[in-house]
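An overview of the molecular structure
One letter stands for each residue in the lines below.
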Amino acid sequence: MENTTTTLLEPTYRPRLEWNTEVYEYLSKAYGHQHFAQICNALIRPAIQSCVRVNTLETTTAEVIRKLRKHLLKKKEVTEEATGNHHTGTTQKEDGVSLPLTQAAAVSSEDILPRQQQQQQVPAAAGDPKFEERNAAECCFEHELLKNVVLVRGKGPCNINYKIVKEDNESGLKEVVVSRKCGEAVLRGAHVFVPGVLACSGHVERGEMVAVSVAVERPDGAGGWCVGVTRGTTLSSQHANSQFEDTSRSGWFIGTGRAMMTRASLFRETKGVAVEMVDRVFDLPSFNGLLTGDIFLQNLPSVVAAHVLDPKPGERILDMCAAPGGKTTAIAMLMEDKGEIIALDRSHNKVSDIVRLSEEMKLTCIHAMKMDALKSVLSESTKIDNCLNQPCNLDPRQSSACLVDKQNAAGSRMRKTEVQTTAALKSSLDKGAYASRAEARKAARRLKTGQNVGEQLPPIKGFCPRSFDRVLLDAPCSALGLRPRLFAGQETLESLRKHSNYQRRMLDQAVQLVRPGGSLVYSTCTLNPGENEAVVRYALDTYPFLSLAPQHPRIGGPGLVGGQDVFDGSAFRSWLREGEQHMVQRFDPSGPNDTIGFFIAKFAVDLPLEELAM
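Only a predicted model underlies this, so the values are computations on that prediction, with no experimental measurement involved.

Thresholds, definitions, all that
Residues numbered from 1 in each chain as written. Predicted model: local features only at pLDDT ≥ 70, side-chain atom pairs only at ≥ 80, totals over all residues. Heavy atoms only, no water. Helix = DSSP H or I, 4+ residues; strand = E, 2+ residues; numbered from the N terminus. Buried < 20%, exposed > 50% of the residue type's maximum accessible area, 1.4 Å probe, protein only. Contact = heavy atoms within 4.5 Å. Areas by Shrake-Rupley, 256 points an atom, 1.4 Å probe, with all protein chains shown as cover. UniProt positions renumbered as here; feature names shortened; annotations may be inferred. Pairing = 2+ DSSP bridges. Axes fitted to C-alpha atoms, helices over the stretch in contact; angles between N-to-C directions. Phe/Tyr/Trp six-rings, centres within 6.5 Å; stacked < 30°, edge-to-face > 60°. Lys NZ or Arg CZ within 6 Å of the ring centre and 35° of its normal. Salt bridge = Lys/Arg side-chain N within 4 Å of Asp/Glu carboxyl O.

Quick look at the overall build of the protein chain now. Secondary structure assignment for the protein chain yields 19 helices and 25 strands. Counting the 614 residues in the protein chain, one finds 51% classified as buried. Of the contacts formed within the protein chain by residues at least 6 apart in sequence, a portion of 78% connects residues at least 24 apart. Accessible surface for the protein chain amounts to roughly 28600 Å². Of this, 50% is attributable to carbon and sulfur atoms.

Right, dumping it as structure tokens:
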């Protein structure tokens, strides 16, 4: 007879981040083995504090803080009522010893609380209303330097009880195994959705408490990686035993939750919440649907990048890789929604995301366009638009405005199809099981894109050189700084070099689009110095009219100097020179700011030397 529960071997959260061997050696050499080990330990955990950017054009930071504190208090009451105050309130230490949260948080309150709030902390009894209000105040506060940013602190890693007691017998909870990407989303505060479920114990019933673990890629024996889990596997079966090793899985448990459907439904349905999380290894607040239009959940370094650009009202700004629109809307608010921001992305769906976010935040100065940033510079021989048939010496603001109007008009027509598509989807579902499958899939795709068959955004040829006051290039990258990250083995030295070459090509375009006297900000969310400091070195050596400019505010640390002794698989590439490291900002995941890994460089653009001589 098949077991219906899973025997858990020390279920904890102790993942080991896997890397490509050559990449691991390369980054260990760049940072030093001890420092890189600390970075890896930080990457497998989410940031304990969430960064919320306030839409200061619609509300105030003080009002948002008041509402968030009220929300946190209410959420705490609801959670305690639902769980019977089940949460243990302790966190794990590296040696497995449990300590109170105030002593063992991944980032201590001294690191992230403003000094004045540290001084106000007074011991009090849990359950006391004044204590709860004070606790909410300490967990939700304004950033010391960025007055449009609110920090909301969570806690973790927490000890979770994975045992149940029935008739004086203790046994392990039934288990649901999820994919890595699903697990990373849960660590950030999401519930488990049906597409993310890979396997589970037998006879799971709706409403039953289950343990949630993650299946992560492992070596496949042929130089690659595989998950090695067949979707629909029943745990404790012979088939499961051939795919899983309990000893290697024991450190991948991320919490417990309540099954929202039976085991059969988990693998029959295509969408919906599979497990509603109750206790999490990292207890972070959820902002889904909260204060829509007034706040935007964004990584702190991304907010800093928008401030470093230092946009002014009335200026013309280009965001070359704008999706999903977080930095674009941050720039618009700093400009007081006065001026013009051109936001580019080569994906229609992502352009639609930018438009929706701009509308949600009631911003009118943002014009989202579908365009490949590698083709953003208009050559002298190219006409701006077949319809306009005007030469490149036209006022770039007028020509751009015409193009924006054309794309916005097309976008409006596409969004009108959403109501029609929804009706078509409902109609298809009413025609029966067989008919609904094909038609529903087509209707869902149209609903996702908001696009009629054959209807496309009109193409744009590019922009005139020197037609923007400031340019932000938040370049596509290897994203090795994002957290939580449970696997990093997909990147190789060759793929890292390809990222770097692609970024240099994009920088070549960006340099041409900034007017003399303007600014160019280059940023990435990767740890790879080949995509950060080495690209800055390339820019400074290739374009003598570029120089590193001071950055305000300065929250990150210095960049990396040297590079000549670090082999990236094909060459020894120079990074920053002595003195230049303090002109950039590098955000370290293992540092006191508790952020993702991020890099920011700001360039001042002068006239080329040949023009100065004229």
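There's more to say after this.
Further remarks concern unusual backbone geometry. Proline 484 follows arginine 483 through a cis peptide bond whose omega is 0 degrees. Note on placement: proline 484 falls in the loop between strand E21 (468-474) and helix H17 (493-513). The residue after histidine 552, namely proline 553, is reached through a cis peptide bond having omega 0 degrees. Take proline 553: it is sitting in the loop between strand E23 (546-548) and strand E24 (585-587). Unusually for a residue other than glycine, lysine 362 sits at a positive phi of about 60 degrees. The class for lysine 362 is exposed, based on a relative accessible area of 58%. Despite not being glycine, alanine 479 shows a phi value in the positive range, around 60 degrees.

Another aspect to go through is the UniProt feature "active site" (unreviewed entry) in the protein chain. Per the UniProt record, "active site" (unreviewed entry) is annotated on Cys525. With respect to the element layout, cysteine 525 can be found in the loop between strand E22 (514-524) and helix H18 (533-542). Contacts of cysteine 525, omitting those with residues within four sequence positions, involve Cys477, Ala479, Leu480, Gly481, Leu482, Ile596, Gly597 and Phe598.

Strand order in the open sheet made by the four strands is E4-E5-E1-E17, with antiparallel pairing throughout. Each having just a single partner strand, strand E4 (140-142) and strand E17 (295-297) make up the two edges of the open sheet. Between one strand and the next, the sheet's axes are offset by a mean angle of 30 degrees, whatever the strand orientation. Two elements, strand E1 (residues 49-54) and strand E5 (residues 149-153), share five bridges in a ladder whose sense is antiparallel. Bridged to arginine 53 within E5 is valine 149. With respect to the sheet, helix H13 (residues 326-334) is in contact with E1 and E17, its orientation differing from that of E1 by roughly 45 degrees.

Here the UniProt-annotated "binding site: S-adenosyl-L-methionine" (unreviewed entry) positions come out as Cys321, Ala322, Ala323, Pro324, Gly325, Gly326, Lys327, Asp345, Asp372 and Asp474. By the element assignment, cysteine 321 lies in the loop between strand E18 (316-319) and H13. Along the chain, the position of aspartate 345 falls in strand E19 (residues 340-345). Setting aside chain neighbours within four positions, we find aspartate 345 in contact with Ala323, Lys350, Val351, Met369, Lys370 and Met371.

Right, let's talk about the pairing of strand E8 (residues 174-178) for a bit. Side chains on a regular strand alternate between the two faces of the sheet. With five of five residues buried, E8 lies mostly within the body of the structure. Side chains of E8 alternate between two faces, with Lys174, Val176 and Val178 and Glu175 and Val177 buried alike. Pairing of E8 with strand E11 (residues 209-214) involves five bridges; the strand directions are parallel. By the bridge assignment for E11, valine 177 is matched with serine 213. Pairing of E8 with strand E10 (residues 197-200) involves three bridges; the strand directions are antiparallel. Bridged to valine 176 within E10 is cysteine 200.

Applying the stated criterion across every chain, the model contains nine aromatic pairs. Ring geometry for tyrosine 31 versus phenylalanine 36: centroids 6.3 Å apart, planes at 20 degrees, classification stacked. Classification of phenylalanine 36 by relative accessible area gives buried; the value is 0%. Between tryptophan 225 and phenylalanine 487, the ring centres sit 5.0 Å apart and the planes meet at 75 degrees, which makes this aromatic pair edge-to-face. Taken together, the residues tryptophan 225 in strand E13 (residues 225-226) and phenylalanine 487 in the loop between E21 and H17 connect sequence positions 262 residues apart. Here phenylalanine 487 falls in the buried class, since its relative accessible area comes to 3%. The ring of phenylalanine 468 is capped by arginine 316, whose NZ or CZ atom sits 4.2 Å from the centre of that ring.

Another aspect to go through is the pattern of salt bridges. It is possible for side chains of opposite charge to pair when their charged atoms get near one another. According to the stated counting rule, one finds 22 salt bridges in the structure shown. A salt bridge links arginine 180 to glutamate 184, with the nearest nitrogen and oxygen atoms 3.5 Å apart. Highlighted residues: arginine 180 and glutamate 184, both in helix H8 (residues 180-187), separated by four residues, approximately one helical turn. Each of the two residues, arginine 180 as well as glutamate 184, counts as buried. When the shortest N-O distance is used, the salt bridge between arginine 537 and aspartate 541 registers 3.3 Å. Of this pair, arginine 537 and aspartate 541 both sit in helix H18, four residues apart, which is roughly one turn of the helix. Under the relative-accessibility criterion, arginine 537 is labelled buried at 5%. Residues joined in a network through salt bridges with shared partners are Arg537, Asp541, Arg577 and Glu580.

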